[in-house]
Amino acid sequence: MDKIISSCTTILAGKKATIDGSTLVARTEDHSDAAEPQKFIVVEPQDQPKHYSAKLSKFEIDLPDNPLRYTATPDSDNSHGIWAGAGINSENIGMSSTETITTNSRILAVDPLVKDGFGEEDMPTLVLPYIHSAREGVQRMGDLLTQYGTYESNGMAFSDKDEVWYLETYGGHHWAAIRIPDDAYVVAPNRLNIDHFDFGSADTMYSADLEDLINDNFMNPDDEGYNFRHIFGSATIKDTRYNDPRAWYIQSYFTPSVEQDPQDQDLPFICHADRKLAIEDFKWAMSSHYQNTVFDRYGEGELEDKTLFRPVGINRNEESHILQIRNNVPEAVAAIHWLGFGPNTFNSFVPFLINITDTPASFKDATKEYDPNTAYWLSRTLGTFGDTNYSLYSDLESDFEQTTQAQCRAIIARVTKEAVDAKDIDELSMKANQEMADIYIKESKKLLGKMVNVGSARMKLKFSLLD
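Residues numbered from 1 in each chain as written. Predicted model: local features only at pLDDT ≥ 70, side-chain atom pairs only at ≥ 80, totals over all residues. Heavy atoms only, no water.

Notes on the packing of aromatic side chains
With the rule as written, the count across this model stands at 35 aromatic pairs. A centroid spacing of 4.3 Å and a plane angle of 15° characterise the contact between Tyr170 and Phe232, whose relative ring orientation is stacked. Note that Tyr170 is positioned in strand S10 (residues 164–170) and Phe232 in helix H5 (residues 228–232), a separation of 62 residues in sequence. The exposure class assigned to Phe232 is buried, which follows from its relative accessible area of 0%. Taking the ring centre of Tyr242 as reference, the NZ or CZ of Lys238 above it sits at 5.1 Å. Over the ring of Tyr253 we find Arg275, and its NZ or CZ is 4.9 Å from the ring centre. (Phe/Tyr/Trp six-rings, centres within 6.5 Å; stacked < 30°, edge-to-face > 60°. Helix = DSSP H or I, 4+ residues; strand = E, 2+ residues; numbered from the N terminus. Buried < 20%, exposed > 50% of the residue type's maximum accessible area, 1.4 Å probe, protein only. Lys NZ or Arg CZ within 6 Å of the ring centre and 35° of its normal.)

Dropping the structure here:
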């Protein structure tokens, strides 16, 4: 089968960079212009395959015993693979995979992609149920890459309550990962993102022969040090329009004190914000479309400017997540899988506790058949409707998002307190998750009703005389 490319945007933050001391791993999972329904599920240990066979390649593997339970956001249509996307396992370890990245002919010449290796459709299923820390996630993924290889170039993230790691693949079998400093954040669009790399650091991991591969094949264009974006990456015109501007815009929002060029090929990988970052900052960034610049598709600029750069918030957003691992709260409710379906410009993210055995039907049951009672199709309806007149509907969406998120945050705060003495965390968490799912559906339908009423008065099919 043809390989499927997923063009996404990843945002990461260490625990000292966030407002409440959480680690955050976020990504928009973007597909094509056509709808690709998603669902939110829990995979129980007994449902995890013992023997795994990929759909997009001939890759097969026997998986370890004793998998952990984990959340996942697979495609509703699994004919082309699972595509679990992202999740958090029962030991509060998060994984988001993957960010499609660019590479160059130099690395592909010495380490070609592996046609029958594994890829994005497979990765969470192969790794997330078997890891007990973020570092362990990096090591398991690295071992699989070294042994079996991959047919595509990807970046991915792993997190626990203390650490966030970002890993990239180079060629078919090589890889490197870096621990994000606790006080830093990262924005990673669809390019090779790791720049400066220290082979001697305790905060880096890599395939065993990576340094020799670079040196023996004269791959380093710099006189000093190792910049992996220069060594393995691309620096194309497409990057200046498709990738670099997304990193620039979010960096300018998180760190407005630093001025940069949106088409700079050397925008930094590790960044430091001017303030502590919150979930709301991540959601705004993941919904962004170059607001307050001439590049805003919904703005007043010239058409050539408005269509020049690819935004983060786009019609191709299918599911987006923020994996939050909290500190200083009961471990049983420390992990939250924030989830949004459809175009982010007109949705709200819902925080789901992960110590559960099932997920709300409205977030689990979407199929290819349109059903506005499911979160996915309702969210896509809001995005499609809102896109027809952004200036008319944007304030309504802003109120909806704030109202929805405030109600959900209140439930999370309540459950966090109740968890201290709770006898059944599973029941407590699933009840809370159902409340929050119901709030999202209710508030989304309210927003849709307001959009219909406001929009009806501005329809073009009208006449000035009225009986």
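Concerning the sheet that holds strand S14 (residues 317–325)
Across the sheet, which stays open at both edges, the six strands sit in the order S12-S1-S2-S14-S15-S16 with antiparallel pairing between neighbours. The open sheet is flanked by strand S12 (185–188) and strand S16 (350–353), the only strands paired with a single partner. With strand direction ignored, the average angle separating the axes of adjacent strands in the sheet is 15°. The pairing of strand S1 (residues 9–13) with S12 spans four bridges and is classified as antiparallel. When the sheet's bridge partners are listed, Leu12 is paired in S12 with Val186. Lying on the sheet, helix H11 (residues 390–418) is in contact with strand S15 (335–341) and S16; it crosses S16 at an angle near 20°. (Pairing = 2+ DSSP bridges. Axes fitted to C-alpha atoms, helices over the stretch in contact; angles between N-to-C directions. Contact = heavy atoms within 4.5 Å.)

Describing the nonpolar core
Of all hydrophobic cores here, the largest spans 60 residues; its most connected members are Ile11, Phe254, Phe282, Ile322 and Phe363. When residues no more than four places from it in sequence are discounted, the contact partners of Phe363 are Lys39, Phe40, Leu339, Phe341, Val350, Phe352, Ala375, Ala437 and Tyr440. Counting 33 residues, the second largest nonpolar core, distinct from the first, contains Val25, Tyr166, Ala176 and Ile180. (Core = buried A, V, L, I, M, F, W, Y, C linked by side-chain atoms within 4.5 Å.)

Overview of helix H12 (residues 425–456)
Given 3.6 residues per helical turn, the α-helix brings residues three or four places apart onto the same face. Taking 1.5 Å of rise per residue, 32 residues should cover 46 Å, and H12 covers 46 Å from first to last C-alpha, within 8% of that figure. A distance of 3.2 Å separates the backbone nitrogen of Asp426 from a side-chain oxygen at the start of H12, and that oxygen is part of Asp424. (Expected span 1.5 Å × (residues − 1). Polar contact = N/O pair within 3.5 Å; in protein donor to acceptor, adjacent residues only side chain to side chain.)

Digging into the pairing of strand S9 (residues 154–159)
Along S9, six of the six residues are buried, which leaves the element largely enclosed by surrounding structure. Residues Asn154, Met156 and Phe158 of S9 are buried on one face, and the alternating residues Gly155, Ala157 and Ser159, pointing to the opposite face, are buried as well. In this sheet, S9 lies alongside strand S8 (residues 94–100) in antiparallel orientation, the contact comprising six bridges. Bridge pairing in S9 links Glu99 to Gly155. In terms of strand pairing, S9 meets S10 through five bridges, oriented antiparallel. Within the sheet, the bridge partner assigned to Gly155 lies in S10 and is Glu168. Turn length for the S9-S10 hairpin, with the two strands adjacent in sequence and antiparallel, is four residues.

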